[in-house]
Amino acid sequence: MNNHVVEPVLENNSMNTHYQQEFNQDMADKASITTYTASAFTALWGALTFEHIVALFGLMIGFIGLAVNIYFKRREDQRAHERHMKYMAERDQPNET
C-alpha cells in the first residue's frame, strides 16, 4: 500500500556502531557527573543559613587579608635585604681620602 515510501538503507558498519556506542556512553557519563555535582551543590546551598554564609564570607576575607599581608611582608623583607647588601658592599670598599 505504501510502495512510495523508501526505507533508509542502514549499513551494518561495526566501526560506526562501536564509536556511536562509545560516544553515547561518554555523554551518559558526563551527564551523570553533571547531575551529581549540581545536586551536591544544591544540597549544600540549601543546608546553608544566612549565618553560615556570613561566616564563610568572613573566613574568605580573613584568608585574603592574610595572603596580602604575607605578600607585602615578603616584598618588605626583600627590600631590607637589598639595602643591607648595598650597605655591606659600601662599607667594605676602601675609603678614597
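About the criteria used
- Residues numbered from 1 in each chain as written.
- Predicted model: local features only at pLDDT ≥ 70, side-chain atom pairs only at ≥ 80, totals over all residues.
- Heavy atoms only, no water.
- Helix = DSSP H or I, 4+ residues; strand = E, 2+ residues; numbered from the N terminus.
- Buried < 20%, exposed > 50% of the residue type's maximum accessible area, 1.4 Å probe, protein only.
- Areas by Shrake-Rupley, 256 points an atom, 1.4 Å probe, with all protein chains shown as cover.
- Salt bridge = Lys/Arg side-chain N within 4 Å of Asp/Glu carboxyl O.
- Phe/Tyr/Trp six-rings, centres within 6.5 Å; stacked < 30°, edge-to-face > 60°.
- Patch = residues over 30% accessible without salt bridge, like charges linked within 9 Å, V, L, I, M, F, W, Y side chains within 5 Å.

Novice: Sorry, what's going on with the overall build of the chain here?
Specialist: For the chain, the count of helices and strands is two helices and zero strands. Scored against the burial criterion, the 97 residues of the chain give a buried share of 0%. Accessible surface, the chain as shown: approximately 9,700 Å² in total, 62% of it carbon and sulfur.

Novice: How do you make sense of the pattern of salt bridges when you look at a structure like this?
Specialist: Two side chains carrying opposite charge are able to pair once their charged atoms lie near each other. Under the criterion given, the structure shown has two salt bridges. E76 is the partner of K73 in a salt bridge, and the nearest nitrogen-oxygen pair spans 3.9 Å. With K73 and E76 both in helix α2 (residues 50-92), this residue pair falls three residues apart, about one helical turn. A relative accessible area of 39% places E76 in the partly exposed class. For the salt bridge of R91 with D92, the shortest nitrogen-to-oxygen distance reads 3.7 Å. Each member of the pair, R91 together with D92, is exposed.

Novice: What should I look at first to understand the packing of aromatic side chains in this one?
Specialist: Remark: the centre distance and the inter-plane angle together describe each pair of aromatic rings, the angle taken between the planes. Applying the stated criterion to the full structure yields one aromatic pair. With a centroid separation of 5.0 Å and an interplanar angle of 80 degrees, the aromatic rings of Y71 and F72 are classed as edge-to-face.

Novice: Where do I start with a nonpolar patch on the surface in this structure?
Specialist: A contiguous nonpolar patch, built from F57, M60, I61, I64, V68, Y71 and F72 and spanning about 700 Å² of accessible area, is present on the exposed surface. In this structure, V68 sits in helix α2.

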